[in-house]
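Report on the structure
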Amino acid sequence: MAGVYSKERKRKLENENRAFQAEWEGDFFFTKGKKEGTALCLICRETVHGNKRYNLNRHYTSIHSQFEEKFPKKFKIREEKLQSLKKSFACERSTLFNAMNKNELTTKASYQVTEILAQKMKPFSDAEIVKECVVTVCKTLFSHLPNSKQILDEVSKLQLSDSTCMRRSQDLAANIALKITDELQQSKYFSLALDSSTDITSISQLLLFVKYVSKDCVVKENFLGMIPMTGQTRGVDYLNTIVSFFKERSIDLKKVFSACTDGCPSMLGRNIGFVQLLKKHLENDNLLSFHCIIHQESLAVKFGENFSCVMKQVVKIVNFIRSNELNRRTFQEFLKELISQYGDVLYHTEVRWLSKGKVLERFFSIRHEITLFLATKEKEYPDVYNFSWWLKEQKLNMYIEELSNSDYSSFPSVKTLFHENPDESQDVSDLIKLLTDLKNEMSLRFSDFRKYQEPFRLVENPWSITTANIAHLSVFGYEARDLKNELFDLQHDTELKSVFEEKKKNKAHYEFWKAVEKDKFPNLIDCAQKILCFFASTYVCESTFSKLKFIKNKYRSRLTNENVENILRISVSSQPANIDAILESCERFRHSTSTN
């Protein structure tokens with residue numbers, strides 16, 4: 001075409017697929033090169049590109065012309081020389097391979113030590129201490145062996161500086177993240193659990209966890225990422241951050257079918273909360289959202305002034321004992337002298353939900369010791385001598401330990417109080433009122449889980465669902481007609497029922513759905529797997545926040561967000577990194593230059 005200039009690409013020799021011919025060994029003293037389309041001269045070790053007879057012959061005649069005179073063709077001396085050169089080359093290659101293999105093993109050991117340190121959330125500077133310990137142990141244990149020096153030399157090559165371990169942790173975390181990303185890209189759907197909390201440097205860190213079904217029908221729960229929220233933490237900020245996060249990793253956010261968060265307005269706000277904004281962004285009003293059941297439980301145990309005064313007073317007394325070092329030491333020695341059941345009182349914290357029941361149980365168990373100790377300190381807490389106050393404490397404890405049980409005979413602490421104080425009134429009208437109020441409070445809470453009660457039965461026992469109430473499963477986007485037909489066939493399959501009973505005994509319900517035929521029950525399997533992928537709480541986020549605060553503490557406050565995320569990923573993820581795959585991608589291996 002006129003006005004169009006086209007230029008043919010230059011042909012590359014490696015693309016011609018020319019094979020090395022066996023007779024070239026004897027003719028030109030060449031062997032097949034390491035790279036495809038190359039040949040290596042056995043005489044001078046030079047590589048010739050292009051497996052052509054002309055190229056090899058030109059190299060042989062122009063550079064090794066005298067070689068032809070010394071070792072003429074068709075003579076035995078030439079064949080002996082060829083075998084000698086091949087043997088020498090094989091020896092050199094073997095030596096090089098062994099050296100590279102040793103360095104590879106040293107690098108692998110370095111990765112393994114880094115992985116252990118990250119899993120235990122220890123500083124990378126401890127790696128040099130590990131190396132020093134290993135060297136010391138080897139010197140002691142292997143000193144009588146003839147190859148003890150060789151062992152020490154190999155150990156001393158370990159690369160365990162803090163900067164090296166930091167790079168290793170990046171590789172390990174990247175390998176784990178890549179595998180999870182690949183699985184999410186291939187999965188049909190997944191659920192999210194997310195929550196945020198501030199670290200020691202006052203940065204709000206958003207944690208993301210995912211639950212999905214892998215190719216081999218295994219339900220997996222994994223740490224997806226930690227996102228620092230450097231600006232505001234409104235619902236729209238969470239949305240924009242998460243959308244960008246998924247876009248960068250090429251994960252389709254539309255695969256999210258469920259999200260579990262805490263109950264703060266920025267997450268569950270009716271109009272501008274994250275969940276509502278996510279539904280609008282995905283154009284999916286059927287997105288299932290759950291308010292963390294642990295958060296709801298914590299809110300449900302909020303009491304009016306009549307009972308909250310108990311907890312306030314307990315906290316005051318515990319703080320008096322534990323906040324002062326002298327008081328605490330004296331109290332602990334006091335308990336030892338009295339041969340008390342416990343050696344100390346417990347702190348209570350609102351943020352991390354240390355069980356109120358445990359705090360009150362411990363407090364009640366050593367109530368006599370506490371009363372005597374307060375008397376020796378001339379500290380006045382009139383309530384501790386008041387029977388009705390102790391009774392209220394146990395009412396609160398009863399609710400926390402056994403939320404909805406109104407059988408008073410199951411509460412030994414209350415029985416103990418009545419036994420110790422037979423003259424006191426045993427009026428329990430306040431207790432009855434409390435339980436009534438709690439019953440009303442519980443009916444308001446957990447409604448988001450209660451409305452999926454029927455779908456949950458599919459996993460609990462598929463034979464307990466009738467075709468009449470199968471419509472409840474349509475919330476997952478399947479036709480009720482298809483679900484009814486599959487359920488009917490499933491419930492009349494005696495072999496599957498026996499398999500289910502066996503799995504149920506071992507509490508491995510998800511294993512049952514792996515045994516169900518995908519082609520025969522596709523919709524039921526999808527429903528069951530989605531239910532198994534639900535996050536009922538943000539417990540995984542809360543437990544990871546505890547690890548975050550352990551990792552990024554006042555002594556390591558300068559850790560970058562990237563390094564913190566890498567350590568978290570290695571310590572939290574349910575699947576380890578593939579170190580062998582990381583080593584295969586390494587271009588070269590180096591041993592340590594440090595000396596011990």
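Overview of the structure. Just so it is clear, the structure is predicted and the values come from calculations on it, not from any experiment. (Residues numbered from 1 in each chain as written. Predicted model: local features only at pLDDT ≥ 70, side-chain atom pairs only at ≥ 80, totals over all residues. Heavy atoms only, no water.)

1. Observations regarding the overall build of the chain
Convention followed: Helix and strand assignments come from DSSP, with helices taken as H or I runs of at least 4 residues and strands as E runs of at least 2, each series counted from the N terminus. Note on contacts: a residue pair is in contact if any heavy atoms of the two residues lie within 4.5 Å. The Shrake-Rupley method, run with a 1.4 Å probe, gives the accessible areas here. Residue values count only the displayed protein chains as cover.
Across its full length, the chain carries 27 helices and eight strands. Long-range contacts, defined as pairs at least 24 residues apart, comprise 67% of the intrachain contacts of the chain with a sequence gap of at least 6. When the accessible surface of the chain is split by element, carbon and sulfur atoms take 51% of a total near 34000 Å².

2. Brief notes about the packing of aromatic side chains
Aromatic rings in a pair are described by how distant their centres are and how their planes are angled relative to each other. Put simply, the rule reads: Here a pair means two rings of Phe, Tyr or Trp (six-membered ring of Trp) with centres within 6.5 Å. Their orientation is stacked below 30 degrees between planes, edge-to-face above 60, and tilted elsewhere. Using a 1.4 Å probe on the protein chains alone, a residue whose accessible area is under 20% of its type maximum counts as buried, one over 50% counts as exposed, and one in between counts as partly exposed. Definition used: whenever NZ (Lys) or CZ (Arg) falls within 6 Å of the ring centre and also within 35 degrees of the ring normal, the charge is taken to sit over that ring.
Applying the stated criterion across every chain yields a total of twelve aromatic pairs. Seen in terms of ring centroids, Phe-245 and Phe-246 are 5.8 Å apart; in terms of plane orientation they differ by 75°. Their pairing is edge-to-face. One exposure class covers both Phe-245 and Phe-246, and it is buried. Ring pairs connect the aromatic residues Tyr-189, Phe-257, Phe-290 and Phe-534, which therefore count as one cluster. Its end group placed over the ring of Phe-257, Lys-530 keeps NZ or CZ at 5.6 Å from the ring centre.

3. Overview of the pattern of salt bridges
What counts here: In what follows, salt bridge is the name for a side-chain nitrogen of Lys or Arg lying within 4 Å of a carboxyl oxygen of Asp or Glu.
Overall, the coordinates contain 13 salt bridges when judged by the stated rule. Among the ionic pairs, Lys-149 bridges to Asp-153, the shortest N-O distance being 3.3 Å. Of this pair, Lys-149 and Asp-153 both sit in helix H6 (residues 148–156), four residues apart, roughly one helical turn. Lys-149 sits in the exposed class, given a relative accessible area of 59%. Across the pair Lys-552 and Asp-199 runs a salt bridge, and its minimum N-O distance is 3.0 Å. With a gap of 353 residues between them, Lys-552 in the loop between helix H25 (539–551) and helix H26 (561–572) and Asp-199 in the loop between strand S4 (190–198) and strand S5 (204–213) connect regions that are remote in the sequence.

4. Some thoughts on empty space enclosed by the protein
What counts, and what does not: Using protein atoms alone on a 1 Å grid, points that fit a 1.4 Å probe yet trap it form a cavity, whereas open point sets bounded by protein on both sides within 12 Å along at least five of seven lines form a pocket; residues with an atom within 4 Å of a point count as lining. Grid points are joined across faces, edges and corners, and a volume is the space filled by probe spheres set on the points.
For the structure on display, the rule yields one cavity of 30 Å³ or more. Taken as a whole, the largest cavity holds about 40 Å³ of empty space. Lining of the largest cavity is provided by Cys-217, Val-219, Tyr-510, Trp-513, Lys-514, Gln-529 and Leu-532. Looking at the lining of the largest cavity, the elements that each hand over two or more residues are helix H23 (509–515) and helix H24 (522–532).

5. Regarding unusual backbone geometry
Glycine aside, residues mostly have negative phi angles, and peptide bonds mostly take the trans form. With a phi close to 60°, Met-121 is a non-glycine residue in the positive phi region. With respect to the element layout, Met-121 can be found in the loop between helix H4 (76–119) and helix H5 (126–141). Non-glycine residue Ser-250 carries a positive phi angle of around 55°. The residue Ser-250 is located in the loop between helix H8 (235–248) and strand S7 (256–261) in this model.

6. Overview of the sheet that holds S7
The criterion, for reference: Any two strands with at least two DSSP bridges between them are considered paired. To obtain each axis, a line is fitted to C-alpha atoms, and for helices this fit is confined to the stretch in contact; angles are then taken between N-to-C directions over 0 to 180 degrees.
Ordered in space as S6-S5-S4-S7-S8, the five strands form an open sheet in which the pairing is mixed. Single-partner strands in this sheet number two, and they are strand S6 (219–229) and strand S8 (288–291). Along the sheet, successive strands turn relative to each other by an average axial angle of 20°, direction set aside. The strands touched by H8 are S4, S5 and S6; relative to S6, the strand with the most contacts, the crossing angle is about 120°.

7. Details of the packing of helix H13 (residues 325–337) against helix H15 (residues 367–376)
The description of two packed helices rests on the angle between their axes and on the distance between the axes. Formally: Any angle between 65 and 115 degrees counts as roughly perpendicular, while under 35 counts as roughly parallel, over 145 as roughly antiparallel, and the rest as oblique. Two helices crossing with the near one rotated counterclockwise from the far one by less than a right angle form a left-handed crossing, whereas a clockwise rotation gives a right-handed crossing.
One can describe the packing of H13 onto H15 by two numbers: an axis separation of 11 Å at closest approach and a directional angle of 130°. As judged from the angle between their axes, H13 and H15 are oblique. Seen along the crossing, H13 lies across H15 with a hand that is right-handed. Of H15, the residues touching H13 (which contributes Asn-327, Thr-330, Phe-331, Phe-334 and Leu-335) are Glu-369, Ile-370, Leu-372 and Phe-373.

8. A closer look at H15
Regarding H15, the residues found buried are Arg-367, Glu-369, Ile-370, Thr-371, Phe-373 and Leu-374. Positioned one or two residues after H15, Glu-378 has a phi angle of 55°, which is positive.

9. With respect to the sheet that holds strand S3 (residues 47–49)
Spatially, the three strands line up as an open sheet ordered S1-S2-S3, and their pairing is antiparallel. Two strands lie at the open edges of the sheet, namely strand S1 (30–32) and S3, each paired on one side alone. Sheet twist, expressed as the average angle between the axes of neighbouring strands with direction ignored, equals 35°. Sheet topology note: the S1/strand S2 (residues 38–41) ladder contains three bridges and is antiparallel. Bridging from a neighbouring strand, Thr-31 pairs with Leu-40 of S2. This element, helix H2 (residues 53–63), spans S1, S2 and S3 of the sheet and lies at about 145° to S3.

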